Every structure is written in C-alpha cells, then in structure tokens.
Amino acid sequence: MSDALVARMRQFGETIFAEMTRLAAETQAVNLGQGFPDTDGPEALVRSAGAHMANGVNQYPPGLGRPELRSAVAADRRLRFGLDYDPDSEVYVTVGATAGIAASVLGLVEAGDEVVVLEPMYDSYAAAIALANGVARPVTLRPDAGGTRFTFDPAELRAVVGPRTRMIIVNSPHNPTGTVLRRSELETIAELCREHDLLAVTDEVYEHLIFDGAEHIPLASLPGMRERTLAISSAGKTYSVTGWKIGWVMGPKPLVRAVRTVNQFLTFTANGALQLAVAEAITSQQEWVQQQRAALEQKRDRLATGLARAGLRPHVPQGTYFVMADIRPLGFEDGVELARSLPHAAGVVTVPAQVFYADPAEGRHLVRFAFCKQDPVLDEAVRRLEARMPQPQGT
C-alpha cells in the first residue's frame, strides 16, 4: 500500500516545525524556529494546576468546559471589549485554539465552499479547510510602502470573494508577520462579511502580546459582526504554557453549537484541572501578563537588532513571538535552503516563511525567528549568526 492517506491530505507531510526541531536536536543548535517559550508561566498558575489534580480533578469535565473557565472568559471579554457572551451557550472550551479552528471549519464549511485566508498563514488553516473539502482562497499580506508593516490590498481582498465564499479566517495579531490589524483594515473585512453574508473565524491567541502601543480590536466588536463571528483564543501564548492546550471559542449560540457538534467526536473535552487554573489566572494574573508583554517587547528589539547586525533585514513586528527577516541582503534567495543549512553551518534554527504561503514564491526570501526565549539564548543565536553565517549555494 504505497499511500494510504486520503487524497485531500497528501499535500500535507511532516510539518516544518517538526523537521526543524529535529534538526535542532541533531545539531545541538539554538532553536529559534518553533514558537514556544523556554520558561514557564506564572508560578501561581502552575501550582494551582497541581493542586487541583492532587485534589481529585482528574476525570472528564463537562463537554462545554468547566463553568469556572467559561465564566472567566466571558467576564474578561465583557470587561475589555464590551462584548457579552453567555458562558452557558456562547463560550466553549477546546484543546487549544488549533482544535477550535479545526472544529469551526469542519462544522461550518461544506464541500466546495471557499474560505478566504490571509497569508502567510498558520499551517493548520489550510489543513482544516482541506479536511472539510473546502477551497482556500489566499490574500497575501505584503510590506507597506515603508517596508515595515505587513498589510493586505483591499482590492485584492474584494476580488477573491465570490458566490462560493463561505468564511474568512482572520488572524490578528498575525503569525508570522507580527501585524496587528488596524480598525480600518478590520472595517474592510467586516464590510465584505456583511455584504456577502460571510462567516468569520478570528484567531486571537496573541491578543495580549502586542507592542509599541498597538491596539487589539476584536472583529466581533464591529457593527454587524458579533452575530457572524467565532472568536478563538487560548491560554498557551498569554501565560507561557503552550503545552497545556487550553483554548476557547466565543460566538453566537448557533455557530458555537456547530463547533460543539463536531468537536465532541474529535477531542471531546480538555483537561479539567488546567481549565480551573486558567480560570483563576484570567482574574488574578493580569499584572504578570503585562510584565510578560513588556519583556517580550524588549526581546523583540534585542533579536531584531542582532539579526540586522548579522546582515539580515528584519521586519519589526507589532505583536506575537516572531520576527520575519529578509535573507536577500546576505545573497540568499531561498529560505528553505538557508533554514536547512543554518543548523549545520551556524548552529541556529529558523523556519522558512514560504511554507506559510499557498504560493511559496511570495515568501521565498523570508525566514521566521522566535524571540520568546531567554536573553542569553537570543544573544548566543546572534553571536553564532554573526560569526558563522553560511554562504549561498553557487558562491
């Protein structure tokens, strides 16, 4: 049996994150590829999870999620954005945001439906659309006139919406470009959704990790959007516990019901003890979150400055864990070539950005570095890059 995998998934092999993490282990390289911190979140959060497990919270929680977490999520959304969600029917806990996104697409996209995505995009989006037998319609984010901030062309976005368009997936703060979508950009998206009766799924997992005074604006807060938007977030990035996989979906009852209907046959439910700990953190650890945001902003600057010294051209992000860098000043044209040679030549791992594009040529000259690491790790990576950068093939 040469290939037992269903045809619609054969384009998806091993993720680039697995490949580059394996290379990091094989070469003892500094891993700035995958976006996970190398320190834990708040000590009180970790202690709370252990205490709940020790006190017997080890069986299935309710399918909707623990009521304590659903209530905390709803209260937080109301406090920060004025969005009211019924915790009993409009907030649903998932195994991380990735499961919430997948269940949203599988529950709402029919075969042949088109889904608009902003690329470069987190790799699970295309896979979820393929599983639903949908069709991804990418709109490319490109650097603006100043060459720093990535944005989309409104005309290009309008042109891609057609009679088969069912949904748009919006990720802001955006992985991997670091763009935080402005109100004017969100209004363009909202106008299209209202005009064409589109559903929106918003991936907001980096909502707290924004820099330089940028503002996170939920798409659901714009006129006419709450009733057509599933907003998805999680604890992993906010509290530096990416391995916990505790996420949530917020939206109108009929859309949340569609997500629940699918997800009950996928992951069913998430760890109850961790849910309780996250519920407590949402109400008690906001000072830690702000300190973490400030620390990440400094790390961003530290890495971007170092990458520039090493000869790369970094795009300084407004949010997330990542710096995108242009490799062409070094004489490279192919990010995959550089990413695969860098661990051996310089002892540093990055991720080639072209894997985040439907058309790899759009991002062939870009690589992504994660800065959610301890300062000595970032400094060592920069030192290695400055000292041992490989030469392009053919030079």
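Figured I'd write up the structure that's included with this text. The structure presented is a predicted model; accordingly, all values stated were derived computationally and were not measured. (Residues numbered from 1 in each chain as written. Predicted model: local features only at pLDDT ≥ 70, side-chain atom pairs only at ≥ 80, totals over all residues. Heavy atoms only, no water.)

### A word on helix α1 (residues 16–27)
Link 1 in the chain: Its 12 residues place the ends of α1 16 Å apart at the C-alpha level, agreeing with the 16 Å of an ideal helix rising 1.5 Å per residue.
Link 2 in the chain: Within α1 the residues assigned to the buried category are Ile16, Phe17, Glu19, Met20, Leu23 and Ala24. Looking straight down α1, one finds its buried side chains confined to an arc of 165 degrees; they lie on one side. Across α1 from its buried face, at more than 90 degrees, point the exposed residues Ala25 and Glu26.
Link 3 in the chain: Looking at the buried positions of α1, the neighbouring elements they touch are β1 (30–31), α5 (123–131), α11 (335–345), β13 (348–349), β14 (351–352) and β15 (366–370). (Helix = DSSP H or I, 4+ residues; strand = E, 2+ residues; numbered from the N terminus. Expected span 1.5 Å × (residues − 1). Buried < 20%, exposed > 50% of the residue type's maximum accessible area, 1.4 Å probe, protein only. Arc of directions from axis to C-beta. Contact = heavy atoms within 4.5 Å.)

### Structural notes on the packing of α1 against α11
Link 1 in the chain: Interhelical geometry of α1 versus α11 gives an angle of 15 degrees and a closest axis separation of 9 Å. Considering the angle they form, α1 stands roughly parallel to α11. Handedness of the crossing formed by α1 with α11: right-handed. Across the interface between the two elements, Glu19, Met20, Leu23 and Thr27 of α1 pack against Ala339, Arg340, Pro343 and His344 of α11.
Link 2 in the chain: For the contact of α1 with α11, the per-class residue count stands at four nonpolar, two polar and two charged. (Axes fitted to C-alpha atoms, helices over the stretch in contact; angles between N-to-C directions. Parallel < 35°, antiparallel > 145°, perpendicular 65-115°, else oblique. Left-handed = near helix turned anticlockwise from the far one by under 90°. Nonpolar A, V, L, I, M, F, W, Y, C, P; charged D, E, K, R; others polar.)

### Topic: empty space enclosed by the protein
Link 1 in the chain: Per the stated rule, a full pass over the model turns up two cavities of 30 Å³ or more.
Link 2 in the chain: One number sums up the size of the largest cavity: a volume of about 120 Å³.
Link 3 in the chain: Lining the largest cavity we find 14 residues, and of these Asp76, Arg80, Glu207, His208 and Trp248 sit closest to its centre.
Link 4 in the chain: Going through the elements one at a time, α3 (67–81), β9 (229–234) and β10 (247–250) are the ones with two or more residues in the lining of the largest cavity.
Link 5 in the chain: Top element by residues in the lining of the largest cavity is α3. It accounts for four residues.
Link 6 in the chain: Partitioning the lining of the largest cavity into residue classes produces five nonpolar, five polar and four charged.
Link 7 in the chain: Size it by volume and the second largest cavity reaches roughly 50 Å³. (1 Å grid on protein atoms, 1.4 Å probe; cavity = no way out; pocket = protein on both sides within 12 Å on 5 of 7 lines; lining within 4 Å. Points joined across faces, edges and corners; volume = space filled by probe spheres on them.)

### Remarks on the pattern of salt bridges
Link 1 in the chain: One pass over the full model with this rule turns up 30 salt bridges.
Link 2 in the chain: The partner of Asp113 in a salt bridge is Arg164, with the nearest N and O atoms 3.6 Å apart. Taken as a pair, Asp113 in the loop between α4 (96–108) and β3 (114–119) and Arg164 in the loop between α6 (154–160) and β7 (165–171) lie far apart in primary sequence, 51 residues in all.
Link 3 in the chain: Residue classification places Asp113 among the buried residues on the basis of a relative accessible area of 11%.
Link 4 in the chain: Here Arg328 ties to Asp326 by a salt bridge, and the two come within 2.7 Å at their closest N and O atoms.
Link 5 in the chain: Overall, the relative accessible area of 2% leaves Asp326 in the buried class.
Link 6 in the chain: A cluster of three or more residues bridged by salt bridges with shared partners is formed by Asp76, Arg77, Arg80, Glu204 and Glu207. (Salt bridge = Lys/Arg side-chain N within 4 Å of Asp/Glu carboxyl O.)

### Side note on the pairing of strand β12 (residues 322–326)
Link 1 in the chain: Summarising burial for β12: five of the five residues are buried, a large majority.
Link 2 in the chain: Neither face of β12 is left uncovered, since the one carrying Phe322, Met324 and Asp326 and the one carrying Val323 and Ala325 both have all their residues buried.
Link 3 in the chain: The pairing of strand β11 (residues 313–315) with β12 spans three bridges and is classified as antiparallel. Within the sheet, the bridge partner assigned to His315 lies in β12 and is Met324. (Pairing = 2+ DSSP bridges.)

### Examining the packing of aromatic side chains
Link 1 in the chain: Counted under the stated rule, the structure contains six aromatic pairs.
Link 2 in the chain: The interplanar angle of 85 degrees and the centroid separation of 5.6 Å between the aromatic rings of Tyr60 and Phe268 together place this pair among those described as edge-to-face. Taken together, the residues span a long stretch of sequence, with Tyr60 in the loop between α2 (43–54) and α3 and Phe268 in the loop between α8 (253–263) and α9 (272–284) at a distance of 208 residues.
Link 3 in the chain: Residue Phe268 is classed as partly exposed on the basis of its relative accessible area, which comes to 35%.
Link 4 in the chain: Both rings, one in Tyr321 and one in Phe322, keep their centres 6.1 Å apart while their planes meet at 75 degrees; by these two values the pair is edge-to-face. Taken as a pair, Tyr321 and Phe322 share a single burial class, namely buried. (Phe/Tyr/Trp six-rings, centres within 6.5 Å; stacked < 30°, edge-to-face > 60°.)

### Overview of unusual backbone geometry
Link 1 in the chain: With an omega dihedral of 5 degrees, the bond running from Glu119 to Pro120 counts as a cis peptide bond.
Link 2 in the chain: By secondary structure assignment, the location of Pro120 is in the loop between β3 and α5.
Link 3 in the chain: Although it is not a glycine, Lys245 sits at a positive phi angle of roughly 55 degrees.
Link 4 in the chain: Residue placement: Lys245 occurs in the loop between β9 and β10.

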